[in-house]
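Chain by chain, the residues:
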Amino acid sequence: MSEKDIQNLMDLAKVKLEEAKQMTKTEAIRSLNHAGILTTKGEFKKDYQPLEEIVDK
């Protein structure tokens, strides 16, 4: 991977982070559901359940 590729990925990550900061709770749950991390009810799927301990703190 070239330096240009790395920079492009970093720039994209910054844009996506700013977009995520503007999301409503519903939009965030929908996005994480689409990614396969949350159920439609907003609960962590089996492989991600250990994250509940971090989120609940």
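Structure shown above.
Residues numbered from 1 in each chain as written. Predicted model: local features only at pLDDT ≥ 70, side-chain atom pairs only at ≥ 80, totals over all residues. Heavy atoms only, no water.

Student: Outline the overall build of the protein chain, supporting the account with residue identities and numerical values.
Tutor: Secondary structure summary: the protein chain contains three helices and zero strands in total. Starting at the N terminus and ending at the C terminus, the protein chain contains elements arranged as α-α-α. Taken over the C-alpha trace, the protein chain has a radius of gyration of 14 Å; the compact-globule value for 57 residues is 10 Å, which it surpasses by more than 25%. Once the C-alpha set of the protein chain is aligned to its principal axes, its extents read approximately 40 × 25 × 25 Å. Counting only residues that meet the buried cut, the protein chain has 5% of its 57 residues in that class. Just so you have it, the protein chain exposes about 5300 Å², and 56% of that area is on carbon and sulfur atoms. (Helix = DSSP H or I, 4+ residues; strand = E, 2+ residues; numbered from the N terminus. Rg over C-alpha atoms; globule rule 2.2 N^0.38 Å. Buried < 20%, exposed > 50% of the residue type's maximum accessible area, 1.4 Å probe, protein only. Areas by Shrake-Rupley, 256 points an atom, 1.4 Å probe, with all protein chains shown as cover.)

Treat this as a map of the structure, not an account of what it does.
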